[in-house]
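Chain by chain, the residues:
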Amino acid sequence: MANSKKPGGLREMLESMYSVIALLFILVACVELCDAAAAFDVYRLIQYDMSGSPFGSRFAALNHHAASLHFPPGVDLSRTVLIIPLRELNITFVREYINQKKPLGGLLVLLPEVLSFKTGGNNQVHEKEKMKNLLAELERLLIHSNIPYPVYFAFENDEIDTVLADIKKNDLMGQPATATTGGYKFVIPTAEPKKVASPTMTNIQGWLSGLKTDGDANQLPTIAIVASYDTFGAAPALSVGSDSNGSGIVALLEISRLFSLLYSNPKTRGRYNLLFGLTSGGPYNYNGTQKWLRSFDQRLRESIDYAICLNSIGSWDNELWIHVSKPPENAYIKQIFEGLSNVAEELDLKVGLKHKKINISNPRVAWEHEQFSRLRVTAATLSELSVTPELLESTGGLFDTRQYVNETAIVRGVKLVAESLARHIYGHQGKNIQIFADESSLAVNPAYIRSWLDVLSQTPRVAPFLSKDDPFVMALKKELAGHVDEVNVQHETLEGIFTFYDSTSARLNIFQVASVTFDLLLLLVLGSYLIVLFSFLVITTRGLDDLISLFRRPPSRKLKTA
Amino acid sequence: MEKFVGYTFQELLKALIGFIDVAGLYLALTQLTHRNISQNHKFQAVGLGWALADSVLHRLAPLWVGARGLEFTWDYILQGLEANANLVLSISLAALGSLIWLRKNKPKTLIPIIYACAGIVATMPSITSYLRRGLGWHFPKVVGFELFTSLVMAFISWQLFSACQRPYV
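Residues numbered from 1 in each chain as written. Chains lettered and ligands numbered in written order. Predicted model: local features only at pLDDT ≥ 70, side-chain atom pairs only at ≥ 80, totals over all residues. Heavy atoms only, no water.

Naming follows an unreviewed UniProt entry, where chain B appears as BOS complex subunit TMEM147 of Gossypium mustelinum. As stated in UniProt under Sequence similarities (unreviewed entry), the record for chain B gives "Belongs to the TMEM147 family." (UniProt positions renumbered as here; feature names shortened; annotations may be inferred.)

The name an unreviewed UniProt entry assigns to chain A is Nicalin, from the organism Gossypium mustelinum. In its Subcellular location (unreviewed entry) section, the UniProt entry covering chain A states "Endoplasmic reticulum membrane". The UniProt entry for chain A carries the following comment under Sequence similarities (unreviewed entry): "Belongs to the nicastrin family."

Student: Got a minute to help me understand the pairing of strand 11 (residues 222-228) of chain A in this structure?
Tutor: A regular strand places its side chains so that they alternate between the two faces of the sheet. Residues and elements named next belong to chain A. By the criterion of burial, strand 11 is predominantly enclosed, with 7 of the 7 residues buried. Judged by which residues are buried, strand 11 turns out to be covered on both faces: Thr222, Ala224, Val226 and Ser228 on one side and Ile223, Ile225 and Ala227 on the other are all buried. Here strand 11 pairs with strand 12 (residues 273-279) via 7 bridges, running parallel. The residue bridging Ala224 from the neighbouring strand is Leu275, located in strand 12. (Buried < 20%, exposed > 50% of the residue type's maximum accessible area, 1.4 Å probe, protein only. Helix = DSSP H or I, 4+ residues; strand = E, 2+ residues; numbered from the N terminus. Pairing = 2+ DSSP bridges.)

Student: Please explain the packing of helix 3 (residues 75-101) of chain B against helix 6 (residues 139-165) of chain B as it appears in this structure.
Tutor: Packed helices, taken two at a time, are described by the angle between their axes plus the distance between the axes. All names here are of chain B. Their axes nearest at 8 Å, the elements helix 3 and helix 6 cross at an angle of 20°. With respect to their mutual orientation, helix 3 and helix 6 come out roughly parallel. Handedness of the crossing formed by helix 3 with helix 6: left-handed. Its residues assigned to classes, the contact of helix 3 with helix 6 shows 17 nonpolar, 5 polar and 3 charged. (Axes fitted to C-alpha atoms, helices over the stretch in contact; angles between N-to-C directions. Parallel < 35°, antiparallel > 145°, perpendicular 65-115°, else oblique. Left-handed = near helix turned anticlockwise from the far one by under 90°. Nonpolar A, V, L, I, M, F, W, Y, C, P; charged D, E, K, R; others polar.)

Student: Quick question: what am I supposed to make of the packing of aromatic side chains here?
Tutor: Residue and element names in this part refer to chain A. Scanning the model with the defined rule gives 14 aromatic pairs over all chains in all. With a centroid separation of 5.1 Å and an interplanar angle of 50°, the aromatic rings of Phe93 and Tyr97 are classed as tilted. Here Phe93 pairs with Tyr97, and both are found in helix 2 (residues 91-99), just 4 residues apart, close to one helical turn. Each of the two residues, Phe93 as well as Tyr97, counts as buried. (Phe/Tyr/Trp six-rings, centres within 6.5 Å; stacked < 30°, edge-to-face > 60°.)

Have a look at this one:
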């Protein structure tokens, strides 16, 4: 019995206690190396068809091991996700991978946290130009390629950085993650992306009536101010388009506010109607503007004197451009240009005129004013861009965040447009009268511009993913309704050559998986622990002989009876 | 005692369950006398059975649901070790319980020690939850503490048991 073996048993008990404590220390040390699963928000590359050809990333679900750029050369990556932070991104490497159609399990690009509209705040971006160019190039490459694996964007934070550092360490040791060597596994459990059925474009128009005296038999002339509000970018869930065209929307709202102040008093109401248009479908050859104009009454269309379209006026220093499609010698164009240049001189900035002829047979519409010109309405686009953008370019991409917009530029742009409009309406051309002077009750309100710009910089606005009663569109309508007499909303279907697919954002789960060898090792350790415990108990209670007798065959009956 | 500071309803419930343990062991030790077992073996059997039921009810469900996931965590291994410690604690509690309720001729000096040890072992769950919540110890540390105290308590109760076995001096 245990009592007779007391001194020996006590010693054994102490020894086993030591071994337990030793095992404990080992365990405590091991536990620190293991991470629990982590989950992050990730945003998918856009997937669309243009005239039947597929573009963008064609898959959404992901379930592969992760590797960094330091993977050992010659390794098969068809079941691996490459995780690349933007600062280490080499465009030629990515281009090579995509153009040569090399197999890859997935791609995760880590964007710097400062670009995130949720957590980045208004911190300054280091090396603005370099990052902007890199992002623009990456976006151009990804949008125009057909990529047969999922591509996601995520923002860097501490957790992802530690995971990435760990992955890099493993890769440098020459052990890319597979089922037998352990590592990190990236899982994104989403369904297969489906087509967005009948995407809607919503055009919002606001009407400010001019002063109709008894003598006017005909309709008053109208001036239109238009801006398109939707965006398109590599990651639709991140396409906030602060400059393209958030700046235009904010300028339009501010102009409408100023003129509503003027028009609220019959004494200062001008003899022109003002038509404000917030159109959708901008990136897709201004499809929405075309449908909006087609829906007009013929009389209304003929009464439009001219239209000013605002496109990206948020990050310029001293020069703005007026793009027209009618030749500059045209009397109306001259009038518009002179009006704007006179005010520009007073505001100490330059405006230049750019003429681009329209080719009716070419469906490409690069500027919004071209849609007006195709219906014989005089129009011009005011923009900081001097070069005509390509299809799906300058439509609010990855780099178009709040930090790249300068609200002073927007304030000056508003002043320019509002003054020149007012001088035309009230017949003060050429006179040096400041209607919207600073410190007056009609001054441009920078706080209003800033607050709306902040809101816009946090709202992704890709048209196929905005439903008919999207809260943001309703908010725009409500805001415009506060400044004009009458607001109308027009819903159209986005037809034409574009088809879009859903699933724009998802949740990434990162698991640290153990290799098979680790599992076997653990099994061995636990097995030996249990065996040791069992033998210890048998020895202390029944004696060593009993333990050994467990393994010996029982003596055969023959010998016993013999 | 400081551990009573910051007690919530949950903690009180846990302490209550600890004492239900004691009550259950009391019933098992005293009421189930239909078999002729010596006192030595009785407490071992009761302690073993109690610890088995406790382990199965506490740990089987989380193990089945959680350990089959993709991610490896050390939690379940630690829970196994905790179950070991729990086993030892249950047996020592049963031993002390059998000393308190079944053995009538105890040396007078040892009685308060027996009751004190029994009290400590019975309130073990509250102590561990205080360590985890109040002091913020991590799970491996708590399991280590449990293993250590279980061995210490087992040793002490073993000494007490054998002391009570000695012929009365």
